[in-house]
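Spelled out, the chains give:
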Amino acid sequence: MTRPCRPAHPTRARILEAARRELGRDPDSSLTDIAEAAGVVRRTVYGHFAGRAALVEGLATEAAEALRGALAAVAPDPDAVTALTRFVQALWPVGDRYRMLLRLGPQNLETARVDEILAPARDMATAIIEQGQRQGAFRTGIPPVPLGRALERFLLALLECVNAGTWSDDGTRSAGAALIAVGADASTEPTG
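All figures in this text were calculated on a predicted structure; none of them were measured in a lab.

Regarding the nonpolar core
So, step 1. Grouped together as the largest cluster of nonpolar side chains are 55 residues, with contacts concentrated most on Leu84, Phe87, Leu101 and Phe138.
So, step 2. Broken down by secondary-structure element, the contributors of at least two residues to this core are α1 (10–25), α2 (31–38), α4 (52–73), α5 (80–97), α6 (100–108), α7 (111–135), α8 (144–164) and α9 (172–181).

Structure below.
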């Protein structure tokens, strides 16, 4: 189910940006903290969002839109290794920008909503894995659908490592890690 998109409003956008920063810094940030960071009063936040859950949903909607935009920009490639590398490098900045949702999701977003947000990326990853397995570039011991799910969890785990301060990347190393995860030959890792 696609969520309706509210028209862009500069104050709403400023509140969402402040929420992204503040909740990324401290997942327990209050609406008052977020309002202060956005340069508005708490009542203004409530004028745009009914409460914390609605604010987190606003971030999730924004993340879903950004994810769809990044996926649309991924150029198809006949070589599965290149395709997976481009896929991860295109999506990594979106994941990095909205990684605070990994901390907030379990308390504030239903599992079905998270699954809905990630489904387009999972579908593209599965198609790339199928392509790579047909080409003999990726190992075939695990079917594409479960391997796509495993790759999703792996990349989300790397984003959690960014949250914890144990991983830092622009997407290049994560693309290399993704290739290893799908069983590509280590010599196919991207450079950069």
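On we go.
Quick word on the packing of α1 against α4
So, step 1. Here α1 crosses α4 at 95°, and the two axes come no closer than 10 Å. With respect to their mutual orientation, α1 and α4 come out roughly perpendicular. Touching Arg12, Ile15, Leu16, Ala19, Arg20 and Leu23 of α1 are Arg52, Leu55, Gly58, Leu59 and Glu62, all from α4.
So, step 2. Taken together, the residues of the contact of α1 with α4 break down into 6 nonpolar, 1 polar and 4 charged.

Considering the pattern of salt bridges
Pairing between side chains becomes possible if they bear opposite charge and their charged atoms approach one another.
So, step 1. Under the definition given, this model contains 11 salt bridges.
So, step 2. Between Arg122 and Asp115 there is a salt bridge, and its shortest N-O distance comes to 2.7 Å.
So, step 3. Glu152 serves as the salt-bridge partner of Arg122, at 2.6 Å between the closest nitrogen and oxygen. Within this pair, whereas Arg122 is found in helix α7, its partner Glu152 is found in helix α8, the two being separated by 30 residues in sequence.
So, step 4. Judged by its relative accessible area of 9%, Arg122 falls in the buried class.

A closer look at the side chain of Arg20
So, step 1. Its place among the elements puts Arg20 in helix α1.
So, step 2. There is a polar contact of 2.5 Å between the side chain of Arg20 and the side chain of Glu17.
So, step 3. Each residue touching Arg20, except ones within four places of it in the same chain, is listed here: Leu59, Arg97, Tyr98 and Met100.

Here's the deal with the packing of α5 against α7
So, step 1. In the contact formed by α5 and α7, the axes pass within 9 Å of each other and the chain directions differ by 160°. Relative to α7, the element α5 is oriented roughly antiparallel. In this structure, α5 crosses over α7, and the sense of that crossing is left-handed. Residues Ala80, Ala83, Leu84, Phe87 and Leu91 of α5 form the contact with α7, whose own contacting residues are Ala121, Met124, Ala125, Ile128, Gln131, Gly132 and Gln135.
So, step 2. Taken together, the residues of the contact of α5 with α7 sort by class into 9 nonpolar, 3 polar and no charged.

The rules behind each value
- Counting restarts for each chain: residues are numbered from 1 in the order of the written sequence.
- A pLDDT threshold of at least 70 governs which residues receive local features in this predicted model, and a stricter bar of 80 or more applies before side-chain atom pairs are shown or counted, although totals over entire chains, interfaces and linings include all residues.
- Hydrogens and water molecules were not included; the side-chain quantities draw on all heavy atoms of the structure.
- To define a nonpolar core, start from buried Ala, Val, Leu, Ile, Met, Phe, Trp, Tyr and Cys residues and group those joined through side-chain atoms within 4.5 Å.
- We call a residue buried when its accessible area falls under 20% of the maximum for its residue type, exposed when it is over 50%, and partly exposed in between, using a 1.4 Å probe and counting protein chains only.
- Under the DSSP-based scheme used, a helix requires at least four consecutive residues in state H or I and a strand at least two consecutive residues in state E, with every element numbered from the N terminus.
- Lines fitted to C-alpha atoms define the axes, with helix axes restricted to the stretch in contact, and inter-axis angles between N-to-C directions lie between 0 and 180 degrees.
- Just so you know how the angles are binned, under 35 degrees is roughly parallel, over 145 roughly antiparallel, 65 to 115 roughly perpendicular, and the rest oblique.
- Any two residues whose heavy atoms approach within 4.5 Å at even a single point are treated as in contact.
- Gly is placed with the polar residues, together with every amino acid not listed as nonpolar (Ala, Val, Leu, Ile, Met, Phe, Trp, Tyr, Cys and Pro) or charged (Asp, Glu, Lys and Arg).
- By definition, a salt bridge exists where a carboxyl oxygen of Asp or Glu is found within 4 Å of a side-chain nitrogen of Lys or Arg.
- Here a polar contact means two N or O atoms within 3.5 Å. Within protein one must be a hydrogen donor candidate and the other an acceptor candidate, and residues neighboring in sequence count only if both atoms are side-chain atoms.
- Definitions for this section: a left-handed crossing has its near helix turned counterclockwise from the far helix by less than a right angle. A right-handed crossing has that turn clockwise.

By themselves, these observations are geometric and do not establish any function.
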